[in-house]
Amino acid sequence: MTVSNVVNGKQSRVSAATRERIMRIVKERGYIPSASARSLAGRTSRLVGLLVPAAGEASLTIDPHTVEVVGMMERELRRLDYHLMLRGIARREEITEALRSWNLDGAVLLGFQDSEIDRLKAAAIGGVALVAMDSYSANPLALEVRSDDFGGAELAVRHLIALGHRRIAFAGPGFSATGVVRERFEGYRKVLAENGIAFDPDLVSTVDIGHAEGEAHGRWLAAERPDVTAVFTTADLLAIGVVEGLANAGRSVPGDVSVVGYDNADIASYVTPKLTTVAQDLPGKAAETVRLMMDRLAGKARPEQATTLQVRLVERETAAPPPA
């Protein structure tokens, strides 16, 4: 019993000499506690799942923003002696399968449509503590952490208008079931209206997030929308592709067309020209996600509203006044 208490950190009733002796023997014999045994004894696995959408049988590919979030979440959980399990989800039904099959203490849902989260039922997920990141779902089972998507779009479009742009295109995934993109689109429309610029649906394009998709869209803009002088995109990876596509079509950035991204992923400062973008507080988002999950596991009352983190504009090289 004494050895078990020392190894598992319950050392308040054990003398310093005894603790030192036990830990010396543990070190000499190379003993490592069994995580599965501790899980059974303590009725907690100390496992947190990070579930992200995956495309069928293809290997899991995640964008730079998600990569950074994964790293920051793992660091926060490691500090608390929790382990992160990354799982790709190809079908909606796999969400509940993963939650119930792996004895998770908690799970973070990242990148799912709001409608997919809305359908989750308490009976199907057991007692797993859920946090939905970048979600606008109304499901009370999931705590929510997101950035100020509406405000971020306002910052981006106001910056472009202040530079003198009037023909500003919008590019991002479809947003019928995705609140993040919808909020950024509504922020874009609001700033246009505030500045007396008529909304033109021909300047709004549905483009999946990806470099290749962005490159194709950049070439399309150059050919089909030559009057566009600026593009606001909903993700840095998409924006970087648009910059390349415009260049491949003979349009310079920012000489002919300005481009603004979203996320401020590391790659935004590595490309040439460096990307002007809206920066999310990724460390804060990861820390808040973990904090909310720990509060839920501790039985604390849930917050009344979603946690919304502030954003800021990072001005670099891809946004400039339009050509004279």
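In what follows, the structure referred to is the one given above.
In this report, we go over the structure that sits alongside the text. Here the structure is a predicted model, which means the values were calculated and not measured. (Residues numbered from 1 in each chain as written. Predicted model: local features only at pLDDT ≥ 70, side-chain atom pairs only at ≥ 80, totals over all residues. Heavy atoms only, no water.)

### Some words on the pattern of salt bridges
1) Next: Under the criterion given, the structure shown has 21 salt bridges.
2) Next: Here Asp81 and Arg46 are joined by a salt bridge, their closest N and O atoms 3.8 Å apart. Here the residue Asp81 occupies a position in the loop between helix 4 (64–79) and strand 2 (83–89), and Arg46 occupies one in the loop between helix 3 (35–42) and strand 1 (47–53), the gap between them amounting to 35 residues.
3) Next: In this structure, the salt-bridge partner of Arg75 is Glu76, at a minimum N-O distance of 3.7 Å.
4) Next: Its relative accessible area of 14% is what places Glu76 among the buried residues. (Salt bridge = Lys/Arg side-chain N within 4 Å of Asp/Glu carboxyl O. Helix = DSSP H or I, 4+ residues; strand = E, 2+ residues; numbered from the N terminus. Buried < 20%, exposed > 50% of the residue type's maximum accessible area, 1.4 Å probe, protein only.)

### Some thoughts on the sheet that holds strand 3 (residues 106–110)
1) Next: Spatially, 2-1-3-4-5-11 is the arrangement adopted by the six strands of the open sheet, whose pairing is parallel. Of all strands in the sheet, those with a lone pairing partner are strand 2 and strand 11 (307–309), marking the two edges. Strand after strand, the sheet turns through a mean of 20 degrees between neighbouring axes, direction not considered.
2) Next: Across four bridges, strand 4 (residues 129–133) lies against strand 5 (residues 142–147) in parallel orientation. When the bridges of strand 5 are listed, Val131 appears paired with Leu143. (Pairing = 2+ DSSP bridges. Axes fitted to C-alpha atoms, helices over the stretch in contact; angles between N-to-C directions.)

### Let's talk about a nonpolar patch on the surface
1) Next: Together, Ile62, Val67 and Leu86 give the surface a local cluster of nonpolar side chains, amounting to about 220 Å² of exposed area.
2) Next: Considering the arrangement of structural elements, one finds Val67 in helix 4. (Patch = residues over 30% accessible without salt bridge, like charges linked within 9 Å, V, L, I, M, F, W, Y side chains within 5 Å. Areas by Shrake-Rupley, 256 points an atom, 1.4 Å probe, with all protein chains shown as cover.)

### Considering the environment of Ala287
1) Next: With respect to the helices and strands, the residue Ala287 is situated in helix 12 (residues 282–297).
2) Next: Given the relative accessible area of 30%, Ala287 is considered partly exposed.

### Regarding the nonpolar core
1) Next: Formed by 41 residues in total, the largest nonpolar core has its most connected members in Val157, Ile168, Tyr188, Phe232, Leu246 and Val259.
2) Next: Within the residue set of this core, elements represented by two or more residues are helix 8 (149–163), strand 6 (168–172), helix 9 (179–194), helix 10 (211–224), strand 8 (230–233), helix 11 (236–248) and strand 9 (258–263).
3) Next: With six residues, the top contributor of residues to this core is helix 11.
4) Next: Once you skip the residues sitting within four places of it in the chain, Phe232 turns out to touch Ala153, Ala156, Val157, Ala169, Phe170, Ala171, Arg184, Tyr188, Val260, Gly261 and Tyr262.
5) Next: Leu50, Val69, Val290 and Met293 belong to the second-largest nonpolar core, a separate cluster that totals 23 residues. (Core = buried A, V, L, I, M, F, W, Y, C linked by side-chain atoms within 4.5 Å. Contact = heavy atoms within 4.5 Å.)

### A word on the pairing of strand 6
A regular strand places its side chains on the two faces of the sheet in alternate fashion.
1) Next: Across the five residues that make up strand 6, a large majority, five, are buried.
2) Next: Along strand 6, one buried face is formed by Ile168, Phe170 and Gly172 and the opposite face, lined by Ala169 and Ala171, is buried too.
3) Next: Of the pairings in the sheet, the one linking strand 6 to strand 8 comprises four bridges and is parallel in character. Of the residues in strand 8, the one forming a bridge with Ala171 is Thr233.
4) Next: Note: strand 6 against strand 7 (residues 204–206), three bridges, orientation parallel.

### A look at unusual backbone geometry
1) Next: The step from Val253 to Pro254 runs through a cis peptide bond, and the omega angle for that step is 10 degrees.
2) Next: Take Pro254: it is sitting in the loop between helix 11 and strand 9.
3) Next: A positive phi angle is found at Asp134, which is not glycine, with a value near 60 degrees.
4) Next: Along the chain, Asp134 falls in the loop between strand 4 and strand 5.
5) Next: In this structure Asp134 comes out as buried when scored by relative accessible area, which is 13%.
6) Next: The residue Asn264 is not glycine, and still its phi comes out positive at about 55 degrees.
7) Next: With a relative accessible area of 18%, Asn264 lands in the buried category.

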